[in-house]
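# Fold and geometry: a report
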Amino acid sequence: MELEFGTEDRGSLQSGETKLYHTPGVSYDQDLEIHLIVHKGNADLYVNPEPLDHPPSSAFNLWKGDYGSGDELVFISSQHNGFKPGKFGVSVVGRAVESEWTIRFDVFNDTRSLNEEEKEAIEEIFELCCESSSSSCRDWKAHRERKTEFCYIKGNFCTQAGNVDTFDIQSDALDCPFPIQFESLSKLRTLQLKSNQISGAASSIAEVVTGMSSLERLLIADNKVTGEFPCSFLDQPIHSIDLSSNELRGRIPECFSNAASLEELNLASNRMEGSIPALPENLSTLTASDNYLSGPFPDVFRSAKSLSSIALARNKFNGVIAPGAFPNTTQEIRLANNALSGKLPDDLFQLPHLRIFSGAFNQFFGDLPSSTFVGSKLVLLDLRGNQLGSLPELYNSANLEYLDVAMNCMTGIVPTAFKGLEKLQILNMQENAFSGRIDILVSETDLLQLRVLNISFNAFSGSMPAAVRKIVKPSNTTRLVLDVSNNYLNGSLPDLFSREELARSAAKGFLIVNLRNNVFSCPLPSDVDWIQDLRCFENSEVEVPTTSEVLSNYQQCIPQTTEESSISSGAIAGIVLAFLFMCIVLLSLGYVAWQHHKARKQHYLMNLEEHIELHEQRSETSYPR
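Not measured: the values here are computed from a predicted model. (Residues numbered from 1 in each chain as written. Predicted model: local features only at pLDDT ≥ 70, side-chain atom pairs only at ≥ 80, totals over all residues. Heavy atoms only, no water.)

## Points about the pattern of salt bridges
For the coordinates displayed, the defined rule picks out 21 salt bridges. Across the pair Glu-332 and Arg-334 runs a salt bridge, and its minimum N-O distance is 3.5 Å. With respect to class, Glu-332 is no different from Arg-334; both count as buried. A salt bridge links Arg-355 to Glu-332, with the nearest nitrogen and oxygen atoms 4.0 Å apart. Note that Arg-355 is positioned in the loop between strand 25 (339-342) and strand 26 (356-358) and Glu-332 in strand 24 (residues 332-334), a separation of 23 residues in sequence. We note that Arg-355, like Glu-332, is buried. Residues joined by salt bridges that share partners form a network here, namely Glu-8, Arg-104 and Asp-106. (Salt bridge = Lys/Arg side-chain N within 4 Å of Asp/Glu carboxyl O. Buried < 20%, exposed > 50% of the residue type's maximum accessible area, 1.4 Å probe, protein only. Helix = DSSP H or I, 4+ residues; strand = E, 2+ residues; numbered from the N terminus.)

## What to know about the packing of aromatic side chains
Overall, the coordinates contain 19 aromatic pairs when judged by the stated rule. The interplanar angle of 55° and the centroid separation of 5.9 Å between the aromatic rings of Phe-75 and Tyr-152 together place this pair among those described as tilted. Of this pair, Phe-75 sits in strand 6 (residues 72-76) while Tyr-152 is found in the loop between helix 2 (138-145) and strand 9 (157-158), placing the two residues 77 residues apart along the sequence. When the ring of Phe-126 is compared with that of Trp-140, the centres are 5.1 Å apart and the planes differ by 80°; the resulting orientation is edge-to-face. Of the two residues, Phe-126 is situated in helix 1 (residues 116-130) and Trp-140 in helix 2; the sequence distance between them amounts to 14 residues. Just as Phe-126 is buried, Trp-140 falls in that class too. Grouping aromatic residues by their ring pairs yields a cluster made of Phe-126, Trp-140, Phe-150, Phe-167, Phe-178 and Phe-182. The ring of Trp-63 is capped by Lys-154, whose NZ or CZ atom sits 4.8 Å from the centre of that ring. (Phe/Tyr/Trp six-rings, centres within 6.5 Å; stacked < 30°, edge-to-face > 60°. Lys NZ or Arg CZ within 6 Å of the ring centre and 35° of its normal.)

## Some remarks on the pairing of strand 37 (residues 488-491)
Where strand 35 (residues 459-462) lies against strand 37, two bridges are found, and the strand directions are parallel. Paired with Ser-461 across the two strands is Tyr-488, which belongs to strand 37. Across two bridges, the pairing between strand 37 and strand 39 (residues 519-520) is parallel. Note that in strand 39 the partner of Asn-490 across the bridge is Val-519. (Pairing = 2+ DSSP bridges.)

## Concerning unusual backbone geometry
Looking along the chain, the bond that leaves Cys-522 and enters Pro-523 is cis, with omega of 0°. Here Pro-523 shows up in the loop between strand 39 and helix 6 (547-551). Positive phi is not limited to glycine here, since Arg-314 has a value of about 55°. Mapped onto the secondary structure, Arg-314 falls in the loop between strand 22 (309-311) and strand 23 (316-319).

## What about helix 1?
With 15 residues, helix 1 extends 21 Å between its outermost C-alpha atoms, agreeing within 8% with the 21 Å of an ideal straight helix rising 1.5 Å per residue. Every buried residue of helix 1 is accounted for by Glu-118, Ala-121, Ile-122, Ile-125, Phe-126, Cys-129 and Cys-130. Buried residues in helix 1, looked at end-on, bunch into an arc of 140°, giving them a common side. In helix 1, the exposed positions angled more than 90 degrees off the buried face are occupied by Glu-116, Glu-117 and Glu-120. On its buried face, helix 1 sits against helix 2, strand 10 (164-168) and strand 11 (175-177). (Expected span 1.5 Å × (residues − 1). Arc of directions from axis to C-beta. Contact = heavy atoms within 4.5 Å.)

## A look at the sheet that holds strand 1 (residues 8-13)
Within the open sheet, the four strands sit side by side as 1-8-3-6. Their pairing is antiparallel. Every other strand in the sheet has two partners, leaving strand 1 and strand 6 as the edge strands with one partner each. When strand polarity is set aside, the average angle formed by the axes of neighbouring strands in this sheet is 20°. (Axes fitted to C-alpha atoms, helices over the stretch in contact; angles between N-to-C directions.)

Honestly, it's all geometry; don't read function into it.
Pasting the structure below:
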């Protein structure tokens, strides 16, 4: 849709939806402003140097307005790299359950320059942060050598009145205490200083911020900010605060609940302790992964009526997730690597907008709720490393792209579970007790987009079908993984890949295949001689173990029993001797178990690294953080 300059269009989007526009032609002597005014929810703005008829990948977004909640603005000048005269493609992407917004395009022929007071403040900031070291501010210095005005450095935005609206200098080694001169930028709304070397106590920074009455976004992630999070940060009507990857410590203060204007808070990768206090009612995003937060799982989220994203991975929370713990607006929940336990509540996966749930490496047990995938909008489900016992049917999961249930205690015959999953790209079922014939699994599924298939260490049987090629197709651009090792597959192994395909993909590391520890019959086809440790057998008959026999190999699935006993004073010596004997036995058994599992665990971790790498190559608009 082309939108004329000086006119507006109003629209609404649900999470993940995109609306495309393009501008009229822009010439070299014109500056382009694109304003996105968000009335409800949250939406981001992406601009490309040419019109597009489909949502672009993040690699092609040369200009972005994705600072967080609130209005977004993109300023484009012929002085920016990537500029070319003509029409520009504009994408608006919904980030909330429902977002309403107005968009407007404007062009200007006049040159932007700062007023004298703000020009002096910018000069003082440059002198403070850039002149102490030759390695500081290389990009900013390069712009100054080319006589590029501050207002025309890509990411910055100045108003026609000569005020700085957006100060955006990231990853440029600004090395200084937080400059007090920011107070002189009277109309500054967005301050983005990510990945520099800005230092100072959080309380001192808050004193400066208190004097910045127009500030809406304070984004100083990955710097050297120390101390405790002060309540004075919340005295201003700030929408977004990002202090992740700093050196903060202490607790999230109780005053946090009174921050009426705060919509996004990111404290990830610090040294925060304690639990989560009551949340502000308007908070939409809370990110506090990679800290030392602890205690029972907080029962504070349901009060935040606009909450969309919760990220508390890699902390020390324990206990169970209670029913009704999250509001219906929740879209993303990330709780991996805590010490949570119990059964996952039935209503968790009935949240109407839930897209991402990561609960890997906790202690959840029992069967997944039968309603997990009923009417589901799930895109990612990661439950690795728990003690879960069954996988419900997946018929209603047409949006699912990533499913990882490795290292659980899951059982069942699975072929029919994967009908209709045409978007699934990563499927990891390693180290469970799933069974069934692999030829049926392959022939009766719709896994057309799969990049990773790992069903190793299960009880699958039958012969490997040539039709596996329809699931894992060799490529010279995308890394693909096929791992069916340590099952009970037998019979003849078909020709899977041609020599030409292997030369293009496997030799370049784009194809990883593991077939070892099955019982394939001899002779093996010539095109698999590059697969390591692959053996064949003259007699490929194999007896498939029972489910309980398979589960007995996995420590997380061995039932734990305790018996109460009373100890008399006369029995202490016997108990000590028994304890020493048990230690010897356990050490022996442990060594045997270690030898048995060593290859399996190393193999799992290797593939896990592959899975994570593949997963994180996703567009940032799909799987943020």
